[in-house]
Amino acid sequence: PPPDGWEARSLVLSHDELGGSTTASWSLVAWYPPGHDSPPPVQCPPQPHAPLSTRLGDGEWAAPCPPPLPPASYPRSVVHSEDGGAVLGCGLFPHDRLDQPVECACRFSPTGFGRRAVTPLEIAALWDVSILVTDRISAMTTFRGLIRALGATPPAKFLQFGADRLITGGFRGGSSEVLVVDRPGIAVDPEECEVKESGGDEEPPLAAPGVRSPSPSAMDRAPAPTWNDQDAQKVDNSPVPTHLWEFFFERVYLEECGELPAGWRQALDGFRRFQLRWWRRRKLAGTFREWRLEHYPLRLTRLDTAYVERSPGGDEVRYRWRMSPDSRLNLGRELYTRHWAQLNEMPKFETSRLMAADAIAKAAGPYHCHHPRYIDTFWTWPVGSTLFYWRWPERYQADARDGQPHFLLGDFGGYVRPQAAPKPEDREKVLLKLLPVRQRGYIEAGSGKVRSLINYFWVDKGETDIRIVYDGTGCGLNDFIWAMHFGLPTMRHTLRSLLPGYYQCDGDIGEMFLNFMLHEILRELSGVDISHIKSGDPVFEAARAAAWERWCRNWMGLKDSPVRSIQLMTRVKLVAYGDRRVRTNPFHWERVVFNLPGASGYRPDLPWVMKVRFDGHLACEVFVYVDDSRATGHSRWISWRAFRHFAAVCTRHGIQIAERKSNFPSQVPQSWAGTNTDTSGGQVSATVSEKKWQKTKDCVRQLAELVRAADAAATPGSSEPVRIPLKPLLSIMGFLI
């Protein structure tokens, strides 16, 4: 019972109504202190439950049994077999009988079904324990005992939902002051928070205690340039909107130096050429040499490393191999050969050298410095890219160079069905997509054996383009790969760093998956049949070793390509955030302001947690949704700086930025992750994009049509269940959920 004077309010929760798979039911109790209202808690509507079959695998041995009849429904209760000795997967699992046998699919049974007990891992899944937790504790000797004890506790969905009910609208009440947390070691000077704006004389009201509202500057009030819409940006050869960079260069120069001289736009290309050459020579090749000397050193004297000497005589400087004193022995060449033999004996040296050579060659591009298209390489990667792994943090260099290891669930075997040739009307589009990835080395030619093939298909991308999708499911490879669950940012996450009047700047990661290496253990299982793909380059065709080649990059359609690529991308993002205490860092912040539900000054129109800069504005953030990125900031200039800093760090690590898809900072940006966010008009609002809403309606119509077609195909008076094709249902479910 609660203490004297306190009142208790409770909410009964059923596991299946929270989306679970057991019959468990628990009560959530909240105690209200004296002097506080204690209204009844708000009951939420039941959520769709997950039948028991969704938690059971078919890879465990089971005693064979006849297959059960197809379920007519999925009740929220336990469904027993005909003899009552087991429960069926169409119902729920009895939470108080962990030893209860179940009838489920079994790949080792001749009937395809078997009767067995649930495994400890399956019990953990039934109690909503995350995969990361079970992976860590499953090797412990006490694992089975932990799982048995787990059965007497509420499933994790109760804890998650209960916490959500307590801090949101389920249980109303509580009282505290708004919390402002200053991090230790950071002195906040109030005078530094007074940033001079060129807007009105009146200071805008505070958005929250200690948080300023943005005041538009001259740059914010300047007319915005135009840029390509999203459909035009998707075309591979769309132009780079260089005038966006010129806008900010001009505005900053005007504010700090005055009027620009005539012809300044044309002069910018000269600076870009110089910067490009300097970056390639000093910042790229030079840093690899330093890395190589640190990780693969040769303990030699200065004399031992002198391979060549200056040739005597003549005005022209010439060098030759260093000879022995009697000129009979080519000492320089012998030393050179010996030293390289020592390096090649070191582990991973050859792999490191070849990948670095490929990365530097791709960064150099195909054009010499006097070529008319040389300046294009400032904006694009015309021959692709390879990660500059030596510029990554030390702990991530092996993953960047070799690719993260894959988690295989068994021996896949092989799949060798030939690839079907494209139709005549699609042949040119397919060629334009396949040839670049082969010519850029993303598909290796003759670099290793191929044990298995993957087929591919293509889908529309915009109005005139296509996207090639490699089918890792159709060949069966994805069934043998385990990929961890991961989250992606959505519109709700961007609201954490937005206030009325804030700006958002969008960009795109070029060739997202193809930036990252495929691990060696999966390359031989990622073969591509290119027998019907031929280029017009005779030199390239002469190098064709066989009809089968193989991927060496994360390819679209592989089960773990998204999580592996996004994992490395997230690591680079954290590098870009840098030191938050440096005030010139676009992502700088000094203190945290809490606006928590239940606090006396809680405001639902503000983020719960706000990172605040030294000048009182919210800190900039970058959100990356697969290959779409969005930077936020309180002004045009700071949001542009935030995204350009993020893009520069990506380039420094060898990750492409598709500059043709760069957008101008706006309070009403184009749709991102299927939503539109608007910070103009004194408020922050978000809506579903027209395209996503239309696709949602199309999915509902398609689902209704599938049901009508199944009903029409059913035989009148027959007891046979009506069947609907699974593949379109999975596609619809994937989009709607």
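Residues numbered from 1 in each chain as written. Predicted model: local features only at pLDDT ≥ 70, side-chain atom pairs only at ≥ 80, totals over all residues. Heavy atoms only, no water.

Turning next to the overall build of the protein chain. What the protein chain contains, in helices and strands, is 20 helices and 23 strands. Surface accessibility of the protein chain: about 40,200 Å² in total, with carbon and sulfur atoms responsible for 56%. (Helix = DSSP H or I, 4+ residues; strand = E, 2+ residues; numbered from the N terminus. Areas by Shrake-Rupley, 256 points an atom, 1.4 Å probe, with all protein chains shown as cover.)

At a closest axis distance of 10 Å, the pairing of helix H19 (residues 690-713) and helix H20 (residues 726-736) adopts a crossing angle of 150 degrees. Judged by the angle between their axes, H19 and H20 are roughly antiparallel. When the axes of H19 and H20 are compared, the crossing they make is left-handed. Residues Lys692, Lys695, Thr696, Cys699, Gln702, Leu703 and Leu706 of H19 touch H20, and the partners they reach there are Pro728, Leu729, Ile732, Phe735 and Leu736. Of the residues belonging to the contact of H19 with H20, the class tally is eight nonpolar, two polar and two charged. (Axes fitted to C-alpha atoms, helices over the stretch in contact; angles between N-to-C directions. Parallel < 35°, antiparallel > 145°, perpendicular 65-115°, else oblique. Left-handed = near helix turned anticlockwise from the far one by under 90°. Contact = heavy atoms within 4.5 Å. Nonpolar A, V, L, I, M, F, W, Y, C, P; charged D, E, K, R; others polar.)

Once that is clear, we can look at the sheet that holds strand S16 (residues 527-529). Spatially, the three strands line up as an open sheet ordered S11-S17-S16, and their pairing is antiparallel. Only two strands of the sheet have a single partner each, and these edge strands are strand S11 (443-444) and S16. In the sheet, S11 pairs with strand S17 (residues 548-551) via two bridges, with the strands oriented antiparallel. For Glu444, the partnering residue across the bridge sits in S17 and is Arg550. (Pairing = 2+ DSSP bridges.)

Right, let's talk about the packing of helix H7 (residues 243-256) against helix H18 (residues 636-652) for a bit. Running from N to C, H7 and H18 cross one another at 125 degrees; their axes reach a closest spacing of 12 Å. Taken together, the axes of H7 and H18 are oblique relative to one another. Considering the relative orientation of H7 and H18, their crossing is left-handed. Packed against H7, whose contacting residues are Leu244, Trp245, Phe247, Phe248 and Val252, the element H18 presents Arg636, Trp637, Trp640 and Arg644 at the interface.

Here we take up the packing of aromatic side chains. Counted under the stated rule, the structure contains 29 aromatic pairs. Residues Phe378 and Trp379 carry aromatic rings whose centres are separated by 5.0 Å and whose planes lie at 80 degrees to one another, so their mutual orientation is edge-to-face. Assessed through its relative accessible area of 26%, Phe378 is described here as partly exposed. The interplanar angle of 65 degrees and the centroid separation of 6.1 Å between the aromatic rings of Tyr625 and Trp672 together place this pair among those described as edge-to-face. You can see Tyr625 sitting in strand S20 (residues 621-625) and its partner Trp672 sitting in the loop between H18 and strand S22 (675-678), a full 47 residues away along the chain. One aromatic cluster is present, formed by Trp279, Phe288, Trp291, Tyr296, Tyr336, Trp340, Phe349, Trp381, Phe388, Tyr389 and Trp390 through successive ring pairs. Just above the ring of Trp589 sits the side chain of Arg580; from NZ or CZ to the centre is 4.2 Å. The ring of Trp640 has Arg644 sitting right over it, with the charged end atom 5.6 Å from the ring centre. (Phe/Tyr/Trp six-rings, centres within 6.5 Å; stacked < 30°, edge-to-face > 60°. Buried < 20%, exposed > 50% of the residue type's maximum accessible area, 1.4 Å probe, protein only. Lys NZ or Arg CZ within 6 Å of the ring centre and 35° of its normal.)

Turning next to the sheet that holds S20. Read from one edge of the open sheet, three strands run S15-S21-S20, paired in antiparallel fashion. Looking at which strands have only one partner, the edges of the open sheet turn out to be strand S15 (503-508) and S20. For this sheet, the mean inter-axis angle between neighbouring strands, taken without regard to orientation, is 20 degrees. Alignment of S15 against strand S21 (residues 628-633), held across six bridges, turns out to be antiparallel. Counterpart to Asp506 in the pairing with S21 is Arg630.

Once that is clear, we can look at the confidence of the model for the protein chain. Model confidence for the protein chain is summarised by a mean pLDDT of 85, while 90% of its residues fall at 70 or above. Taken element by element, the protein chain is modelled with least confidence in strand S7 (residues 180-182), mean pLDDT 45, and with most confidence in H18, mean pLDDT 96. In the model, residues 174-201 has pLDDT below 50 throughout and makes 55 contacts with residues more than four positions away in sequence or in other chains. (pLDDT = per-residue confidence, 0-100.)

Bringing the nonpolar core into the picture now. Trp390, Trp392, Met569, Phe646 and Ile655 are the most contacted members of the largest nonpolar core, which totals 58 residues. Looking at this core, the element that brings in the most residues is H18, giving eight residues. Of all hydrophobic cores here, the second largest spans 27 residues; its members include Leu431, Tyr456, Leu477 and Leu525. (Core = buried A, V, L, I, M, F, W, Y, C linked by side-chain atoms within 4.5 Å.)

Right, let's get into the pairing of S22. With burial as the criterion, only one face of S22 is covered, namely that bearing Thr675 and Thr677; the residues Asn676 and Asp678 on the opposite face remain uncovered. As paired elements, S22 and strand S23 (residues 685-688) share four bridges and run antiparallel to each other. When the sheet's bridge partners are listed, Asp678 is paired in S23 with Ser685. Where S22 folds back onto S23 in an antiparallel hairpin, the turn is made up of six residues, including Gly681, whose phi is positive at roughly 75 degrees.

Secondary-structure assignment places Phe288 in helix H8 (residues 264-295). Residue class for Phe288 comes out buried when judged on its relative accessible area of 15%. As a C-alpha pair, Phe288 and Trp390 span 102 residues in sequence and 6.3 Å in three-dimensional space. Dropping the residues within four chain positions of it, Phe288 is found in contact with Ser352, Arg353, Ala356, Tyr389 and Trp390.

A few words now on the pattern of salt bridges. Counted according to the given criterion, the structure contains 36 salt bridges. Two residues, Arg265 and Glu250, come together in a salt bridge whose shortest N-O distance is 3.8 Å. One end of the pair, Arg265, is in helix H8; the other, Glu250, is in helix H7, and 15 residues separate them in sequence. Take Arg265: its relative accessible area is 38%, and that puts it in the partly exposed class. A salt bridge links Glu334 to Arg338; its shortest N-O distance comes to 3.2 Å. Here the residue Glu334 and the residue Arg338 both occupy positions in helix H9 (residues 331-345), the gap between them amounting to four residues, near one helical turn. Its relative accessible area of 41% is what places Arg338 among the partly exposed residues. Via salt bridges that share partners, Glu444, Glu520, Arg523 and Arg550 belong to a single interconnected network. (Salt bridge = Lys/Arg side-chain N within 4 Å of Asp/Glu carboxyl O.)

What follows covers a nonpolar patch on the surface. A contiguous nonpolar surface patch, about 410 Å² in accessible area, is contributed by Leu166, Ile167, Leu596, Trp608 and Val609. For Ile167, the location among the structural elements is in helix H4 (residues 156-167). Since its relative accessible area comes to 42%, Ile167 is described here as partly exposed. (Patch = residues over 30% accessible without salt bridge, like charges linked within 9 Å, V, L, I, M, F, W, Y side chains within 5 Å.)

In this section: unusual backbone geometry. At Lys348, a residue that is not glycine, the phi angle is positive and equals roughly 65 degrees. Residues other than glycine seldom take positive phi values, yet Val626 does so here, at roughly 60 degrees. On the secondary structure map, Val626 appears in the loop between S20 and S21. Owing to a relative accessible area of 23%, Val626 belongs among the partly exposed residues under this scheme.

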